[in-house]
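Commentary on secondary and tertiary structure
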Amino acid sequence: HSLGRSWLKMLTLSSRPSVLSRIARRGARGVGGGAAYATAAADVQLGAHRHGKGRVRVARRWTGVDDGTGAARFDLLKEWKLQVMVESAANAASFTAGDNTNVVATDSIKNLVCACAKDATRPVSAELFAATVAANLVARYARHERVVVDIEEAPW
């Protein structure tokens, strides 16, 4: 039984130690040559990686918003759908050594988005809200080098 290209594909897609050790054990049991697996596992390098939370939906309602002229007040509702991704060299250990101490939990990211919406005391644009989320995430978790926030605003 030869794994051919499929085992190489698995190595490039997943460099987690559990996958690599499973492949090396398979080779040690005589499935396809253990030395080739061990050599391939040692040559794997972690490429660009990121993690985060997608499909975070949040809505914010402001009541008694002034129209700018002082003549009228109205209620305003905004709904956003966000995807927040963080990148950091500190997260590499979670892929290579199974150490998740530097990884921010996805629920923490979602909760931070909700907290930013609650803290917005005045109506904000989608762009400003996304920038606020990114700034808060970097301020709270300084080990992250880059935060990418994709945002969509639902028409109301």
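Here is what the cut-offs are and how they apply
Within each chain, residues carry numbers counting from 1 in the order of the written sequence. Two thresholds apply to this predicted model, a pLDDT of at least 70 for residue-level local features and 80 or more for giving and counting side-chain atom pairs, whereas whole-chain, interface and lining totals are computed over all residues. By convention in this description, side-chain values take in all heavy atoms of the structure and omit both hydrogens and water. For the purposes of this entry, the term helix denotes a DSSP run of H or I that reaches at least four residues, the term strand denotes a run of E that reaches at least two, and both are numbered from the N terminus. The cut-offs for exposure are 20% and 50% of the maximum accessible area for each residue type, with area from a 1.4 Å probe on protein chains only; residues under the lower value are buried, those over the upper are exposed, and the others partly exposed. Here the Shrake-Rupley method, with its probe set to 1.4 Å, supplies the accessible areas, and only the displayed protein chains count as covering residues. Residues belong to one nonpolar core when they are buried, are Ala, Val, Leu, Ile, Met, Phe, Trp, Tyr or Cys, and are joined through side-chain atoms within 4.5 Å. Residues count as neighbours in contact if any of their non-hydrogen atoms are within 4.5 Å of one another. Axis lines are fitted to C-alpha atoms, over the contacting stretch for helices. Their N-to-C directions set the angle, which ranges from 0 to 180 degrees. Each angle receives one of four descriptions, namely roughly parallel if under 35 degrees, roughly antiparallel if over 145, roughly perpendicular if within 65 to 115, and oblique otherwise. In this scheme the crossing of two helices becomes right-handed for a clockwise turn of the near helix relative to the far one and left-handed for an anticlockwise turn of less than a right angle. Throughout this entry, Asp, Glu, Lys and Arg are counted as charged residues, while Ala, Val, Leu, Ile, Met, Phe, Trp, Tyr, Cys and Pro are counted as nonpolar. The remaining residues, Gly among them, count as polar. pLDDT measures how confident the predictor is about each residue, on a scale from 0 to 100. Definition of a polar contact: a pair of N or O atoms within 3.5 Å, with one able to donate and the other able to accept a hydrogen when the atoms are protein atoms, and with sequence-neighbouring residues admitted only if both atoms are side-chain atoms. Pairing of aromatic side chains here covers Phe, Tyr and the six-membered ring of Trp, requires ring centres within 6.5 Å, and sorts the geometry by plane angle: under 30 degrees stacked, over 60 edge-to-face, intermediate tilted.

Another aspect to go through is the overall build of the protein. When its secondary structure is counted, the protein shows 6 helices and 3 strands. The order of helices and strands in the protein, counted from the N terminus, is α-α-α-β-β-α-α-α-β. For the protein, with 156 residues in total, the buried portion stands at 31%. Accessible surface, the protein as shown: approximately 9,800 Å² in total, 51% of it carbon and sulfur.

Further remarks concern the nonpolar core. Ranked by internal contacts, the top residues of the largest apolar core, which has 25 residues, are W80, L82, V84, V113, F129, V133 and V149. At the level of elements, β1 (51-66), β2 (73-87), α5 (106-119), α6 (126-140) and β3 (146-154) are the ones that each hand at least two residues to this core. In terms of residue count, α6 provides more of this core than any other element does, 6 residues in total. When near neighbours in sequence (up to four residues on either side) are disregarded, F129 contacts V58, W80, L82, V113, C116, A117, V124 and I151.

Moving on, we come to the packing of α5 against α6. Close contact between α5 and α6 brings their axes to 10 Å; oriented N to C, the two are set at 125 degrees. In terms of their interaxial angle, α5 and α6 are classed as oblique. α5 and α6 meet at a crossing whose hand is right-handed. For the pair formed by α5 and α6, the contact residues are L112, V113, C116 and A117 on the first element and F129, T132, V133, N136, L137 and R140 on the second. Here the contact of α5 with α6 is built from residues that sort into 7 nonpolar, 2 polar and 1 charged.

Here we come to the environment of A115. By the secondary structure assignment, A115 is in helix α5. Sequence separation of A115 and V133 is 18 residues, and the distance between their C-alpha atoms is 9.1 Å.

When pLDDT is averaged across the protein, the result is 78; 72% of the residues are at 70 or more. Within the protein, α5 carries the highest mean pLDDT (97), whereas helix α1 (residues 5-13) carries the lowest (39).

The next subject is the side chain of H51. Along the chain, the position of H51 falls in strand β1. Overall, H51 belongs to the buried group, its relative accessible area being 16%. Of the polar contacts made by the side chain of H51, one reaches the backbone oxygen of V104; its length is 3.2 Å.

For the coordinates displayed, the defined rule picks out 1 aromatic pair. On the numbers, 4.3 Å between centres and 10 degrees between planes, the contact of W80 with F129 is stacked. Of this pair, W80 sits in strand β2 while F129 sits in helix α6; the two residues are 49 residues apart in sequence, bridging distant segments of the chain. Residue classification places F129 among the buried positions, given a relative accessible area of 2%.

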